Amino acid sequence: MGGRVVAFVFFFLMIRRPPRSTLFPYTTLFRSLDAEAVRIVSSPLKKYLKRYAYHLAGLKAWISFQPPPFTVILDGERELVVRAAVISNARFYGGPHRITPDARVDDGYLHCCLFEKGSRRDYARYFWGVLRKKHQTFSDVILIKARQVRIDTPGLPIQADGDYIGYTPIRIQLLPKQLTVLVPSPETNKTRSSSSNK
């Protein structure tokens, strides 16, 4: 294997759910409509419809779910009342969508995208904004970063990396240097690209 290999150290998004002290490694957490869709999705439908089962569950959640307001506490100091929250240390969500466009797995921060409103019309507007990469310009969408995030409001469904993992309250923090990944150098990538084009 030619080329120089360098090591990158990643930060894991870790979730601690009281009263247990178990830590779960994830990269993205979503609290609200998307979490409700993941919670109610049918296992038999997932088997036969694959990802389209989530689309149906999302439509059902959009029609029936009324997200209550909850408080997000950043670094134990700042408190923001919102209706939905994406907390991530990765740029992409659900494939190509960049809900937290400035997030990086190695910058040491949790990147939060917080949505202040929760009506069906608002969710449709947020969804369309994410698709068009315009949601960060909305006056009721907050992009902010922190090193620790808490949601103390009980009983709110949460999903992480596409899996339903339970209910709030939760505390989210980054644990540094939990994974080392080796990647090819740019020179190696160029060599491979040239070979594939021949």
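In this text, all values refer to a predicted model and were calculated from it rather than measured experimentally.

So, how was this worked out
- Residues numbered from 1 in each chain as written.
- Predicted model: local features only at pLDDT ≥ 70, side-chain atom pairs only at ≥ 80, totals over all residues.
- Heavy atoms only, no water.
- Helix = DSSP H or I, 4+ residues; strand = E, 2+ residues; numbered from the N terminus.
- Buried < 20%, exposed > 50% of the residue type's maximum accessible area, 1.4 Å probe, protein only.
- Contact = heavy atoms within 4.5 Å.
- Areas by Shrake-Rupley, 256 points an atom, 1.4 Å probe, with all protein chains shown as cover.
- Polar contact = N/O pair within 3.5 Å; in protein donor to acceptor, adjacent residues only side chain to side chain.
- Disulfide = S-S within 2.5 Å.
- Pairing = 2+ DSSP bridges.

Some remarks on the overall build of the protein
Per the secondary structure count, the protein includes five helices and twelve strands. Across the 198 residues of the protein, 38% fall into the buried class. Long-range pairs, those at least 24 residues apart, make up 65% of the contacts in the protein between residues at least 6 apart in sequence. Here the protein displays about 11500 Å² of accessible surface, and carbon together with sulfur accounts for 55% of that area.

Here we look at the side chain of His135
Among the secondary structure elements, His135 is positioned in the loop between α4 (120-131) and β8 (141-146). By relative accessible area, His135 is classed as buried at 0%. At 3.2 Å, the side chain of His135 and the side chain of Gln136 are in polar contact. For His135, the contacting residues outside a window of four places in its chain are Arg98, Ile99, Cys113, Tyr126, Gly129, Val130 and Val141.

A look at the state of the cysteines
Per the counting criterion, the structure on display carries zero disulfides. Here Cys112 stays free of any disulfide, with the sulfur of Cys113 as its closest cysteine sulfur at 9.0 Å. With relative accessibility at 0%, the residue Cys113 sits in the buried group.

Considerations on the pairing of strand β3 (residues 28-31)
Residues Thr28 and Phe30 line one face of β3 and the alternating positions Leu29 and Arg31 line the opposite face, and both faces are buried. In the sheet, β3 pairs with strand β6 (residues 84-88) via four bridges, with the strands oriented antiparallel. When the bridges of β6 are listed, Leu29 appears paired with Ile87. Taken together, the two bridges between β3 and strand β10 (residues 157-160) define a ladder with antiparallel strand orientation. Bridged to Leu29 within β10 is Ala160.

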